[in-house]
Amino acid sequence: MLWSISGSLRAEQPVVVGSKIFTESYVLSELAAQTIESPSDHSVDRKSGMGSTGILFAALKAGAIDVYPDYTGTLAEILLNNPRLKSTDEIRQALAPLGLTISDSLGFNNTYALAVKESYAKKHRLQTMSDLLSISSQARVAFSYEFMERSDGYQEMVDRYHFKFDPEKVIRMEHSLVYEAIDKASVDVIEVYSTDANIKKYNLHVLTDDLHYFPSYEAVWVVTNAFTVRHPDLWQRLLRLKGTINEEEMRSMNAAADIDKVKFADIVSQFRGKKDLSTQVFHKTSNDNLSKEILRRTREHAWLVGVSLLFSLVVGVPLGVMATRFRKAGHLILLSSALIQTIPTLALLCFLIPIFGIGLWPALVALCLYSLLPVVLNTHTALQSIDKKHIENARAFGLSSMQILTRIELPLGSQVIIAGLKTATIVSVGTATLAALIGAGGYGALIISGLSLNNVSTILAGAIPAALMALLAHLVFGILNVIIVPLGLRRRSARSFD
């Protein structure tokens, strides 16, 4: 009986579908989600825009997500570090020891390519990537962060084609921004995906890879073996999508999102209802629900910031007191807090995924750790700067150590401590936007979605409320300063600025 109940509970757990932070990955993850949901109405937890390949792969291995779309070239080059793996069967065998597997190709190859403006191609008579060699030393280029780092990316391409790019003219940026850069003539050459809708939108000329440098990037589903065992019917449903999307159809769906600003859910719904997309007109949907979306993201963001603030108060202030009381321990506390602050946010999130999975918990842990330094340091500084005669007078009156702390030291240091709490809160408001990369929501979900679609209004829908929340925090702490800090201290502080 108990086994039956627990089995039914496991069956009711939602399938977690992830995606990277670019349009095609959003579309394909939505296709996976809708395929799983219909017709069985199995619940799906969408974790879209989770960032780079490394974050998705770490989440998959940790069991934090069940499925996400990727490409054979990426799996072989980046995740398995074996560029000799070419076929899906070879890659599937290499993934097996990791507890993972892949589907067959969905039907299209989204490989890398280099592109220039049509006018630039005509001016310099460019048809192939080899033609670029003669002018490579003068060309201004922009490539994505991932392309610059991957083994089949920038450096190997330069070595193969003997390009002479000037390092001062090589710019790294998010892939979604390279099109704006070339459209504004800020750069001359960019890296594109062969199914990018923006190739046509920005009138780009794709240079032929005449040395056949770029490997095949067949789109596939990447899943855990546990998912295939737990949900064999859902896995078979995803497998039936083999060969159902050609490059033109994928390009049309990307264009619907990037150019026509159609919602991903509507794009996929229309694709599933009509397979011939070469002439399909996608219908735009209204933004009536934008205010509800902003409200939902506000609640998520406020929760992230609020928990980190509470942690910095409950943990940071006592650590600051300990750093003042115990000299040796104090050095260790201050050094540890400072070292945590030096860890890049994305790196810390990747470290936390194997421990806490994805979503709220790793984001909260990261924000709490980052909030420590300003509070610990300000508390330590505040207590250290108190005139010792006040402590001696308190002891002369027979006050205990705890009474001296609560009645003398903390009130006298309250202004500096509140300033530390305010700094920690405002920093958390900004840092919390990165929590969306691991599915924790908040304003970052809007910002990341806007970046992937090059949609300024969506970016602003996340950025402006985040700025307003930071401003609100500044005002609230200003009020708390008036309420909590003794009047004499405020007057003395005001005179010091005169």
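No experiment lies behind these values; they were computed from the predicted model shown. Every chain's residues receive numbers from 1 upward, in the order its sequence appears when written. Given that this is a predicted model, residues contribute local features only at a pLDDT of at least 70 and side-chain atom pairs are listed and counted only at 80 or more, while totals for whole chains, interfaces and linings are drawn from all residues. To obtain the side-chain values, all non-hydrogen atoms of the structure were used and water was disregarded.

Asker: Kindly report on the overall build of the protein chain, identifying the contributing residues and their values.
Answerer: Secondary structure elements are taken from DSSP: a helix is a run of H or I of four residues or more, a strand is a run of E of two residues or more, and numbering for both begins at the N terminus. When helices and strands are counted, the protein chain shows 24 helices and 10 strands. On the principal axes, the C-alpha backbone points of the protein chain span a range of 85 × 70 × 45 Å. The 498 residues of the protein chain split such that 50% are buried. Contacts in the protein chain between residues at least 24 apart in sequence constitute 75% of all its contacts with a sequence separation of at least 6. With residues, only the protein chains shown are counted as cover, and all accessible areas are computed by Shrake-Rupley using a 1.4 Å probe. Surface exposure of the protein chain reaches about 23,800 Å², of which carbon and sulfur atoms provide 60%. For the protein chain, the separation between the mean place of its 48 positive charges and that of its 45 negative charges on side chains is 10 Å. For the exposure calls, accessible area comes from a 1.4 Å probe over protein chains only, and a residue counts as buried if that area is under 20% of its type's maximum, exposed if over 50%, partly exposed in between. In this analysis, two residues are considered to be in contact whenever any of their non-hydrogen atoms come within 4.5 Å of each other. By the counting rule applied here, Lys and Arg register as positive and Asp and Glu as negative, while His and the ends of each chain are not counted. Lys charges are placed at NZ, Arg charges at CZ, Asp charges at CG and Glu charges at CD.

Asker: Could you give an account of the sheet that holds strand β7 (residues 170-172), naming the residues involved and the relevant values?
Answerer: Strands pair, by our definition, only if DSSP identifies at least two bridges between them. Read from one edge of the open sheet, 5 strands run β7-β6-β8-β5-β9, paired in mixed fashion. Here the strands that pair on one side only, and so sit at the sheet edges, are β7 and β9 (204-207). If you compare each strand with its neighbour and ignore which way they point, the axes differ by 35° on average. Examined bridge by bridge, strand β5 (residues 112-117) and strand β8 (residues 189-193) share 4 bridges and lie antiparallel to one another. For Leu114, the partnering residue across the bridge sits in β8 and is Glu191. Simply put, an axis is a line fit to the C-alpha atoms, just over the touching stretch for a helix, and the angle between two N-to-C directions goes from 0 to 180 degrees.

Asker: Go over the packing of aromatic side chains, please, and point to the residues and values.
Answerer: The pairing test for Phe, Tyr and Trp rings, Trp by its six-membered ring, is centres within 6.5 Å, and the orientation test on the planes gives stacked under 30 degrees, edge-to-face over 60, and tilted for anything in between. Going through the model one piece at a time under the given rule, you end up with 15 aromatic pairs. For the ring pair Tyr112 and Tyr217, a centre distance of 5.5 Å and an interplane angle of 85° mean the geometry is edge-to-face. Here Tyr112, found in strand β5, pairs with Tyr217, found in the loop between β9 and β10 (219-224); they are 105 residues apart in sequence, far enough to count as distant. For the pair formed by Tyr112 and Tyr217, the shared burial category is buried. A centroid spacing of 6.3 Å and a plane angle of 25° characterise the contact between Tyr154 and Phe165, whose relative ring orientation is stacked. Within this pair, whereas Tyr154 is found in helix α8 (residues 154-161), its partner Phe165 is found in the loop between α8 and β7, the two being separated by 11 residues in sequence. When sorted by exposure, Tyr154 lands in the same class as Phe165, which is buried.

Asker: Can you lay out the pairing of β5 for me, pointing to particular residues and giving the numbers?
Answerer: Among the 6 residues that make up β5, 6 are buried, leaving the element largely enclosed by the rest of the structure. Bridge count for β5 against β9 is 4 bridges, and the pairing is antiparallel. Following the sheet pairing, Val116 is matched in β9 by His205.

Asker: Give me the lowdown on the environment of Leu451, citing residues and values where you can.
Answerer: Residue position: Leu451 is located in helix α22 (residues 443-453). Look at Leu451 and you get partly exposed, because its relative accessible area is 25%. For Leu451, the contacting residues outside a window of four places in its chain are Ser176, Leu177 and Ile459.

Asker: Report on helix α12 (residues 232-239), specifying residues and quantitative values.
Answerer: The periodicity of an α-helix, 3.6 residues per turn, causes residues three or four positions apart to be oriented the same way. Those residues of α12 not exposed but buried are Leu234, Trp235, Arg237 and Leu238. One side of α12 holds all its buried residues, which, seen down the axis, span an arc of 155°. The inward-facing, buried residues of α12 contact β1 (15-18), α2 (23-37), β3 (67-71), β4 (100-102), β10 and α11 (225-230). By construction, the arc corresponds to the directions joining the helix axis to the C-beta atoms.

Asker: So what's going on with the packing of helix α20 (residues 388-396) against helix α21 (residues 401-431)? Which residues, and what values?
Answerer: Between α20 and α21, the shortest axis-to-axis distance is 11 Å and the interhelical angle comes to 160°. By the criterion of interaxial angle, the relationship of α20 to α21 is roughly antiparallel. For the element pair α20 and α21, the recorded crossing hand is right-handed. When α20 is examined against α21, the residues His390, Ile391, Ala394 and Arg395 are found in contact with a partner set consisting of Ile404, Ile408, Glu409 and Leu412. Roughly parallel here means an angle under 35 degrees, roughly antiparallel means over 145, roughly perpendicular means 65 to 115, and every remaining angle is called oblique. Note on convention: the crossing is left-handed when the near helix lies turned anticlockwise from the far helix by less than a right angle, right-handed when the turn is clockwise.

Asker: Explain the pairing of β1 residue by residue, including any values.
Answerer: Burial of β1 is two-sided: the residues Val15 and Val17 facing one way and the residues Val16 and Gly18 facing the other way are all buried. Across 4 bridges, the pairing between β1 and strand β2 (residues 44-47) is parallel. In the strand pairing of β2, Val15 is matched with Val44.

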